Amino acid sequence: MAEILTVLIGFIGCGGLAAIAYFVSSYFGNKSNILEAVHKIKQKIGVDKIKELEEKEKVIVSVIKDKEIISEETKEKIEVIKEKANEDIKIILAEESFVELSKEEDELW
Amino acid sequence: MVVKKLFVIMLSILFLIVSCAPATFVPRQPPEIKFEKTPPYKLDLSSIVKPEKAVKIWMNKDFKVVPENEAKYLVLTNTEYAKYIAQLRTKKTFEAIIKEQEILINSYIDTINALKEYVAIERAKAEEYRTLWADSENAYRQEKYYNEMNNILQKSILSVIAIGSLVALIIAL
């Protein structure tokens, strides 16, 4: 009788330990799930922020490209100004009429 | 026969579940941004025609040619006068070029400012990536710790159960 009781106590004890193990591991499991959710939210917020920053970068890149176009156009404009000036100066130097030269002077003054 | 098939199917499913590794994490690919190098700017003004120095005729109040220091009037022929007008035209050209250069310089200043802003955003991005990295690392460490704790607990308790069962079995026998 005592032996049966010992075996029973032994089994009940083991069962109790198994139950404790189950609760402890499920406690850790729950905590892990919460952490995972927090981690996912943090990751999502971070990735969204990075996306937002990348959009800003795209705007800046387009601004830089626009400015590059403007500077190239300005360089071309300067070349045109120089060419036009050369043509005009050649005409002025070839001009023989004082009247025309005087008119030109009045315009340029 | 049916039981055997069912057993094989169940075993295959179990094998699949156990052997399936989690999907590999592929990080976000940043957009490709490439800038061309800007060559140095050089303004060549030598191509603008420069007239020769004008030949001046100095005259006194009686309109007679005199040396420069005795002169009252300066007389220019149309060719010499044209040289002065050409210089005026050159002056106007330079004014126009200066205005265009202002635009050019400002476009470069805008580019520099935009690049400064870009650097600041890149820094913010690096900070954000750092936060994500730290967060992932911490999450991994936490998960690893819980996993190890879980393993230790489960192994300990299983060992206790096994030993307890053995002891109970020995006593029962």
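The rules behind these values
- Residues numbered from 1 in each chain as written.
- Chains lettered and ligands numbered in written order.
- Predicted model: local features only at pLDDT ≥ 70, side-chain atom pairs only at ≥ 80, totals over all residues.
- Helix = DSSP H or I, 4+ residues; strand = E, 2+ residues; numbered from the N terminus.
- Rg over C-alpha atoms; globule rule 2.2 N^0.38 Å.
- Buried ≥ 20, exposed ≤ 12 C-beta atoms within 10 Å, placed from the backbone.
- Contact = placed C-beta atoms within 7 Å.
- Core = buried A, V, L, I, M, F, W, Y, C linked by C-beta atoms within 7 Å.
- Axes fitted to C-alpha atoms, helices over the stretch in contact; angles between N-to-C directions.
- Parallel < 35°, antiparallel > 145°, perpendicular 65-115°, else oblique.
- Left-handed = near helix turned anticlockwise from the far one by under 90°.
- pLDDT = per-residue confidence, 0-100.

Asker: Describe the overall build of chain B, naming the residues involved and giving the relevant values.
Answerer: A count of helices and strands for chain B gives 2 helices and 2 strands. In sequence order, the secondary structure elements of chain B are arranged as α-β-β-α. For a compact globule of 173 residues, the expected C-alpha radius of gyration is about 16 Å, and chain B comes in at 46 Å, more than 25% above that figure. Overall size of chain B, expressed as C-alpha extent along the three principal axes, is 155 × 40 × 15 Å. Looking at chain B as a whole, 6% of its 173 residues are labelled buried.

Asker: Which residues make up the interface of chain A and chain B, and what are the values?
Answerer: By a frequent convention, interface size equals the accessible area lost on bringing the separate parts together. If you look at the interface, chain A gives 56 residues, while chain B gives 55 residues. For the side of chain A that touches chain B, the elements supplying multiple residues, two or more each, are helix H1 (2–94) and helix H2 (98–108) of chain A. The element that contributes the greatest number of residues to the side of chain A that touches chain B is H1 of chain A, accounting for 48 residues.

Asker: Provide a residue-level description of the nonpolar core, including the pertinent values.
Answerer: In terms of nonpolar packing, the biggest core is built from 7 residues, these being Ala 85, Ile 89, Ile 92 and Leu 101 of chain A together with Ala 82, Ile 85 and Ala 86 of chain B. Not counting residues up to four positions away in its chain, the partners in contact with Ile 92 of chain A are Glu 104 of chain A together with Ala 82, Ile 85, Ala 86 and Arg 89 of chain B.

Asker: Give a description of the packing of H2 of chain A against helix H2 (residues 78–172) of chain B that names residues and reports values.
Answerer: For the pair H2 of chain A and H2 of chain B, the least separation of the axes is 10 Å and the interaxial angle reads 25°. Taken together, the axis directions place H2 of chain A and H2 of chain B in an arrangement best described as roughly parallel. Pair H2 of chain A / H2 of chain B crosses with left-handed handedness. On the side of H2 of chain A, the interface is formed by Phe 98, Leu 101, Glu 104, Glu 105 and Leu 108 of chain A, while H2 of chain B contributes Asn 78, Tyr 81, Ala 82, Ile 85, Leu 88, Arg 89 and Lys 92 of chain B.

Asker: I'd like to hear about unusual backbone geometry, residue by residue, with values.
Answerer: For residues besides glycine, phi is generally negative; the peptide bonds are generally trans as well. Of note in this structure, Phe 63 of chain B is not a glycine but carries a positive phi near 60°. You can see Phe 63 of chain B is positioned in the loop between strand S1 (57–59) and strand S2 (73–75).

Asker: Hey, could you go over the confidence of the model for chain B for me, with residue numbers and the actual values?
Answerer: Confidence in the prediction for chain B averages 88 pLDDT; 96% of positions are at 70 or higher. On the interface metric, ipTM, the complex scores 0.70, and its pTM is 0.71.

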